[in-house]
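Each chain, letter by letter, is given below.
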Amino acid sequence: MPRTARDVVFVDGVRTPFGKAGPKGLYAQTRADDLVVRAIRELMRRNPSLPPERVDEVAIAATTQTGDQGLTIGRSAAVLAGLPKSVPGYAIDRMCAGAMTAVTTTGAGISFGSYDVVIAGGVEHMGRHPMGEGVDPNPRFLADQLVDPSALVMGSTAENLHDRFPQISKERADAYAVRSQQKVAAAYAAGKIQPDLVPTAIRSAEQGWGLATEDEPPRPGTTMDDLAKLKTPFRVHGNVTAGNAAGLNDGATACLLAAEDVARDLGLAPRMRLVDFSFAGVEPEVMGVGPVPATEKLLARNSLTMDDIGLIEINEAFAVQVLAFLEHFKIADDDARVNPWGGAIALGHPLASSGVRLMNQLARLFEERTDVRYGLTTMCVGMGMGGTVLWENVNWEGAK
């Protein structure tokens, strides 16, 4: 029997505070699966009208699927979170776009009618599982000259982007990074970021048990002079530093998606509507440019231009990657539509979890900006990809 596509809505999203990876980071003694369990439990607590048995799927992404990020983490996290054993789950890996892919894949299932309600998200504990841990790249990548050796080192791909866009100088990248820090500090001061943070239990040998309530990575007060002194680890006299790139981080995200009619029947308030999504491949050596073709495909398919987009949440893996996107679409570096509350350079980028952080912030911004109809969440992806999701504000004043 033919099926009619259903509208898919983002109902709610939460995340743990993001921590710095390493032996002194917030989550040095916290398991990765416990981070995502904390997010799932909070999502259910905040939406008491949703019967747990109505969750049809739990899709959780992790880039390094081993140890406490393995064992089909979507299913294991669902069980640990106390969802009924009847609720299935699975794991996803699309590197940085893992949580984004968890959303688009399950969202497509809702549209098709296979699901009514899903939980999607991601987790990355880079302190326990450094990027590339246990990976064995096929030697033919290099032997057959399928990729340049730099394609396997994300920082080197960012340096390659500086080569491709020589007008994007280190100073310009540093200026963007300083603005990201300033915007995050202002958003924190205004209480914009805290509503979606889940207080998370932590433990250290020195201080015992504690509670993480805010992000660890931000460096408020960062100046251009501070960034000018940093080393360029990926190239001698290069452009990419720890100051104009996201750090190595730990954290988890989770969101609730539903068919719009089901959400309303269950007393769940939709916050934004999933319109469409697109993924695209690019040369792995310049993976940071991936959001450009993904966004172009998406806009063309929906007969839109960048002028129709009122808010853009782009993941800041590297400042140069964001600036290349803005350069292509002729958007000013300080355009007010772009990451109004800052981004990953300040907040952190726990790889597979970041896609839902972008969505959380866009949903919050939509609530304040009823004049905006469309927004994008977009990010570059390792090994030469980009992903973009188009969202519609359910409270857009033009619909009234």
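Residues numbered from 1 in each chain as written. Predicted model: local features only at pLDDT ≥ 70, side-chain atom pairs only at ≥ 80, totals over all residues. Heavy atoms only, no water.

Peer 1: Lay out the packing of aromatic side chains with the relevant residues and their values.
Peer 2: Enumeration according to the criterion identifies three aromatic pairs in this entry. Judged by centre distance (6.0 Å) and plane angle (85°), the ring pair of Phe10 and Trp391 falls under edge-to-face. Residue Phe10 is located in strand β1 (residues 8–15), and its partner Trp391 is located in strand β12 (residues 385–393); the two are separated by 381 residues in the primary sequence. Grouping residues by exposure puts Phe10 and Trp391 together as buried. Ring plane angle 65° and centroid distance 6.2 Å describe the contact between Phe277 and Phe279, whose orientation is recorded as edge-to-face. By relative accessible area, which is 28% here, Phe277 ends up partly exposed. Its relative accessible area of 16% is what places Phe279 among the buried residues. The residue whose ring lies beneath Arg15 is Phe18, and the NZ or CZ to ring-centre distance is 4.4 Å. The ring of Phe279 is capped by Arg94, whose NZ or CZ atom sits 3.7 Å from the centre of that ring. (Phe/Tyr/Trp six-rings, centres within 6.5 Å; stacked < 30°, edge-to-face > 60°. Helix = DSSP H or I, 4+ residues; strand = E, 2+ residues; numbered from the N terminus. Buried < 20%, exposed > 50% of the residue type's maximum accessible area, 1.4 Å probe, protein only. Lys NZ or Arg CZ within 6 Å of the ring centre and 35° of its normal.)

Peer 1: Talk me through the side chain of Arg337; I want residue IDs and the actual numbers.
Peer 2: Its location among the elements puts Arg337 in the loop between α10 (319–328) and α11 (344–347). Of the residues examined, Arg337 reaches a relative accessible area of 19% and is grouped as buried. At 3.1 Å, the side chain of Arg337 and the backbone oxygen of Ile309 are in polar contact. Ignoring any residue separated from it by four or fewer positions in sequence, one finds Arg337 in contact with Met306, Asp307, Ile309, Gly310, Leu311, Ile312 and Ile331. (Polar contact = N/O pair within 3.5 Å; in protein donor to acceptor, adjacent residues only side chain to side chain. Contact = heavy atoms within 4.5 Å.)

Peer 1: Account for the pattern of salt bridges, naming residues and giving values.
Peer 2: All chains considered together, the criterion is met by 27 salt bridges. Here Asp276 and Arg301 are joined by a salt bridge, their closest N and O atoms 2.8 Å apart. Remark: Arg301 occurs in helix α9 (residues 291–301) and Asp276 occurs in strand β9 (residues 272–281); sequence separation between them is 25 residues. By relative accessible area, which is 16% here, Asp276 ends up buried. Among the residues examined, Arg301 registers a relative accessible area of 46% and is labelled partly exposed. Counted as one network, the salt bridges with shared partners bring together Asp12, Arg46, Asp196, Arg271, Arg364 and Glu367. (Salt bridge = Lys/Arg side-chain N within 4 Å of Asp/Glu carboxyl O.)

Peer 1: Give a detailed account of α10, specifying residues and quantitative values.
Peer 2: Because the α-helix completes a turn every 3.6 residues, residues three or four places apart line up on one side. When you tally the buried positions in α10, you get eight out of ten residues, the bulk of the element. All of the buried residues in α10 are Ala319, Val320, Gln321, Val322, Leu323, Ala324, Phe325 and Leu326. The inward-facing, buried residues of α10 contact α5 (154–164), α6 (170–189), α9, β10 (309–314), α11 and β11 (374–381).

Peer 1: Help me get a handle on the nonpolar core, residues and values and all.
Peer 2: Membership of the largest hydrophobic core comes to 83 residues, with the highest contact counts inside it found for Ile40, Val58, Ile119, Val123, Met359 and Trp391. In terms of residue count, helix α1 (residues 32–46) provides more of this core than any other element does, eight residues in total. Beyond its immediate stretch of four places on either side in the chain, Val123 contacts Ala32, Leu35, Val36, Ile60, Ala61, Ala62, Gln69, Ile73, Gly251, Ala252, Ala352 and Ser353. In terms of nonpolar packing, the next biggest core, distinct from the first, is built from 41 residues, Tyr176, Met306, Phe325 and Leu326 among them. (Core = buried A, V, L, I, M, F, W, Y, C linked by side-chain atoms within 4.5 Å.)

Peer 1: Explain the pairing of β10 to me, using residue names and the numbers behind them.
Peer 2: The side chains of a regular strand alternate, first on one face of the sheet and then on the other. Here β10 lies mainly inside the structure; six of its six residues are buried. When β10 meets β11, the two strands line up parallel, connected through five bridges. Paired with Ile309 across the two strands is Tyr374, which belongs to β11. (Pairing = 2+ DSSP bridges.)

Peer 1: Could you give me a rundown of the packing of α6 against α10, with the residues and numbers involved?
Peer 2: Relative orientation and spacing of two packed helices are given, respectively, by the angle between their axes and the distance between those axes. Here α6 crosses α10 at 100°, and the two axes come no closer than 9 Å. When the interaxial angle is binned, α6 and α10 end up roughly perpendicular. Contact with α6, carried on its side by Arg172, Ala173 and Tyr176, involves Ala319, Val322, Leu323 and Glu327 of α10 and no other residues of that element. Tallied by class, residues from the contact of α6 with α10 come to five nonpolar, no polar and two charged. (Axes fitted to C-alpha atoms, helices over the stretch in contact; angles between N-to-C directions. Parallel < 35°, antiparallel > 145°, perpendicular 65-115°, else oblique. Nonpolar A, V, L, I, M, F, W, Y, C, P; charged D, E, K, R; others polar.)

Peer 1: Lay out α9 in plain terms, naming residues and giving numbers.
Peer 2: The set of residues buried in α9 consists of Pro291, Val292, Ala294, Thr295, Leu298 and Leu299. Angular distribution of buried residues about the axis of α9 spans 165°; they occupy a single face of the element. Tucked inside the fold, the buried residues of α9 contact β9, β10, α10, β11 and β12. The first or second residue beyond α9 is Ser303, which carries a positive phi of 55°. (Arc of directions from axis to C-beta.)

Taken by themselves, the reported measurements are silent on function.
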